[in-house]
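This is what each chain is made of:
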Amino acid sequence: MISKPFDIGPKLVSAERAVSAIRAGSRIYISTGCAAPCSLLAALETMEPGPADLEFVSFLTTSALPQVEGASRTHYGHRAFFVGSEMRGLAASGQLDYVPISLEEVPRLLTSGRLPIDVALLQVSPPDARGFVSLGVSVDLAPAILRVARTAIAEVNPAMPRTHGESLVHLDRFDALVKVDAPVAEYVHPKIGEIAERVARYIASIIDDGSTLQIGLGRVPNEALRYLRDRRDLGIHSDVITDGVVDLIEAGVVSGRNKSRHRDRIVASYCLGTRRLYDLIDDNPGFEFLPIDQVCHPQEVSNQSRMVSITQAFAIDLTGQVCVDQFEGEFYGGVSTQVGFMRGAARSQDGKPIVCLSSTTDDGASRIKPLLEAGDGVGIARSDVHYVITEYGIAYLFGKSIRERALALIEVAHPRWREELLKAAKKLGYVRADQYVASQVAYSVDEERIVTLKNGSKVMVRPARASDAGALRGLFHRLSDEDVYTRFFRRVRALSYQELQTLCNVNHETDVAFLAVIGPRENEKIIGSACYFLNPTTNLAEVAFMITPEFQGAGLGTALQACLQEYAMSRNVRGFVFEILPRNTSMLRLAARAQGTVTTSRDEEGVHVTALFSDTGSSRSPLPDSQDVQARQLAA
Amino acid sequence: MENRRTHQVDEFKLVDDHGKEYTVFEYQEGTEKPSLKWIKAGPSQFSLSDGTAVDKLDDNTFKIPTIDRVLHRQL
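Everything numeric in this text was worked out from a predicted model, so none of it was measured. (Residues numbered from 1 in each chain as written. Chains lettered and ligands numbered in written order. Predicted model: local features only at pLDDT ≥ 70, side-chain atom pairs only at ≥ 80, totals over all residues. Heavy atoms only, no water.)

Quick one: what's the story with the side chain of D243 of chain A, residue by residue and with numbers?
Residues and elements named next belong to chain A. Position of D243 relative to the elements: it lies in helix α8 (residues 243-250). Within the structure, the side chain of D243 is placed 2.4 Å from the side chain of T274, a separation counted as a polar contact. Apart from residues lying up to four places away in sequence, D243 is in contact with L272, G273, T274, R276 and L277. (Helix = DSSP H or I, 4+ residues; strand = E, 2+ residues; numbered from the N terminus. Polar contact = N/O pair within 3.5 Å; in protein donor to acceptor, adjacent residues only side chain to side chain. Contact = heavy atoms within 4.5 Å.)

So, helix α6 (residues 194-205) of chain A: which residues are in play, and what are the values?
Taking 1.5 Å per residue, 12 residues should reach 16 Å; α6 of chain A reaches 17 Å between its end C-alpha atoms and fits that length. Residues of α6 of chain A that are buried: A196, V199, A200, Y202, I203, A204 and S205 of chain A. (Expected span 1.5 Å × (residues − 1). Buried < 20%, exposed > 50% of the residue type's maximum accessible area, 1.4 Å probe, protein only.)

Describe the interface of chain A and chain B, naming the residues involved and giving the relevant values.
In this complex, chain A contributes 18 residues to the contact, which on the side of chain B involves 14 residues. Between chain A and chain B lies a buried interface of about 1,600 Å² when both sides are counted; carbon and sulfur atoms form 51% of it. The largest contributions to the chain A side of the interface with chain B come from R490, R491 and E542 of chain A, which together make up 35% of the buried area. For the pair chain A and chain B, the interface holds four salt bridges. Across the salt bridge formed by R490 of chain A and E32 of chain B, the nearest N and O atoms sit 2.9 Å from each other. There are nine residue pairs in polar contact (both at pLDDT 80 or more) connecting chain A and chain B. Those elements giving two or more residues to the side of chain A that touches chain B turn out to be α16 (481-488), α17 (497-504) and β32 (540-547) of chain A. By residue number, the principal contributor to the side of chain A that touches chain B is α16 of chain A, which donates four residues. Partitioned by chemical class, the residues of the side of chain A that touches chain B number seven nonpolar, two polar and nine charged. (Buried area = accessible area lost by both parts, 1.4 Å probe. Salt bridge = Lys/Arg side-chain N within 4 Å of Asp/Glu carboxyl O. Nonpolar A, V, L, I, M, F, W, Y, C, P; charged D, E, K, R; others polar.)

Go over the sheet that holds strand β1 (residues 27-30) of chain A, please, and point to the residues and values.
Residues and elements named next belong to chain A. The strand order across the open sheet built from seven strands is β6-β5-β2-β1-β7-β9-β11, with neighbouring strands paired in parallel fashion. The outermost strands of the open sheet, each flanked by one partner alone, are β6 (96-98) and β11 (176-179). On average, each strand axis in the sheet is inclined to that of its neighbour by 20 degrees, with strand direction left out of account. As defined by bridge partners, strand β9 (residues 151-156) adjoins β11 across four bridges and the pair is classed as parallel. Counterpart to A154 in the pairing with β11 is L177. (Pairing = 2+ DSSP bridges. Axes fitted to C-alpha atoms, helices over the stretch in contact; angles between N-to-C directions.)

Describe in detail the nonpolar core, supporting the description with residues and values.
All names here are of chain A. If you look at the biggest cluster of nonpolar residues, it comprises 95 residues, and the most contacted ones within it are F81, F174, I203, I241 and I389. If one sorts the elements of this core by residue count, α6 sits on top with six residues. Leaving out residues up to four positions away in the same chain, F81 has contacts with V57, S58, F59, Y98, V99, I101, L103, V106, L109, L115, L141 and G334. (Core = buried A, V, L, I, M, F, W, Y, C linked by side-chain atoms within 4.5 Å.)

Structure, rendered in structure tokens:
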């Protein structure tokens, strides 16, 4: 049994001595984020004269470069796979070369010799008794770098956590070691505002129990973690983990029990966080830190079921092209691992690739654009985009036509840009000339209800959107001729596009429509429709329903009516008016159950039922005993 | 939206005494509610697809007056 500390003495030198052997013209890799070897870099920066023509290669730096008056200052050139705030300022001085590349491709770039690395500068933990140091908080590219770099120099820092996975490297691999005794750099995401919080809530609303998450670097995806504390058995398979993960673990939300691979373990490639996170991962076999190409390869990602990948974007055009690394001419961020995770999550069973963005920039311009402009780089192809989430709701684009995409994206754009976007979409031929968007408010996740019907099936009742027209047509064609006749009081072979829009593209103020849907959000089937149209003169609303035959008699009409009524009462609508054909007995029964004072009259045209709501405020109308309305507010 | 107009509201099959089948269209004057419900505002008119007028005798019996032929609903 080996128990003596491993002797690192023979290779131990000062930082100045370690970097003195670096030759002019060398290409030098510096480890990622919080593992940046700051003393080695500082020694190189302060060398007089320093070696000429050094080029640093990095994925992401957060604390590597010397700062002068809040700006990065370096004597050397930098080749970066991600333009973070530290690198951003170097572009103007011509010291930055940004390489747009999916990060999981970088190891191949290195091992193929297309990007030779002369020197690797890393920060590692002290060795164990057998002489293995840990790459600590940043494994990511380091294993590949250590395979190709001619020279490897490491700072040995007792504060660096020893991580499990593939993070161990024997001291033999290093040519020089520098002792450092300083806290590992920390990274805290800047606070986000109210708008980003709303986006985060929408994201959280579509993450199911048992999902496996990739969080990425964006502030909004990290904020979304805060709203997942009521979930169960989440898993983590992510390029990066942050302090948000610690919160979820402490809340008992992360078990990894349902992961298809690396069950019960959190898989990451690097972390950006505080000492709290570093203490948690230190010598913790519950975390596996693996090379970036193992974590982020689309095939590996797709092996996880219910994989959720969240990417924050700068902009998106109406066809779904996503701008992630260049916005308005400036390179910022990077392709990073987004493409791999998006594709992997798309192929994962029940996976959800999510692109999120606030609907406008800080100066109010729309991030949803008719066309991306010169200087906006496409990082994610339109064919790879599934969910798009803004503070105005959730659009699902995959498999949708250009018209459907444009309409869905206009619906989640900021209301003050919707008319202009619609006009542009018409001009581009993306949507019909007679298309309109009635709603000027955010899609209300708070109005979504999960309802358990008499037959035991759970359905979601939610507000209708303009982009529901196609699925609503499907509902119409499943109705029997008799259902159609009793709904429209005439035979209708097909609903025109405009008629469909009347039933779903509503302003949610005077015209209101709810739909009952089953199936996952990305593949919903509409099984019921309920709408009301307010007569402003009487303050009474005419209501109408369509229920697909297989759900008739299951209490769906009652549930839809309850939602409509609650919504109407909260808006001080005086009551409902039902126009019913005498032979439509199920509708007569439903109308009779409306809340309030119900009066009925009959003439040649049919039965007219008026339900005047009792003065009970906006309380939910009673449901039959057989109904179990859970009223779970999904985004709460 | 509630302008009065004439609309085809139904279509059904009738047969004469020789078993010949006819398709009859029902038209009504009326208005359409915002909910797309049709509210009739007058008597129905019936015709064949070629425009030949059909008279309604009762719910199940119709007549083509120009050729004096009685038609019945198929039960």
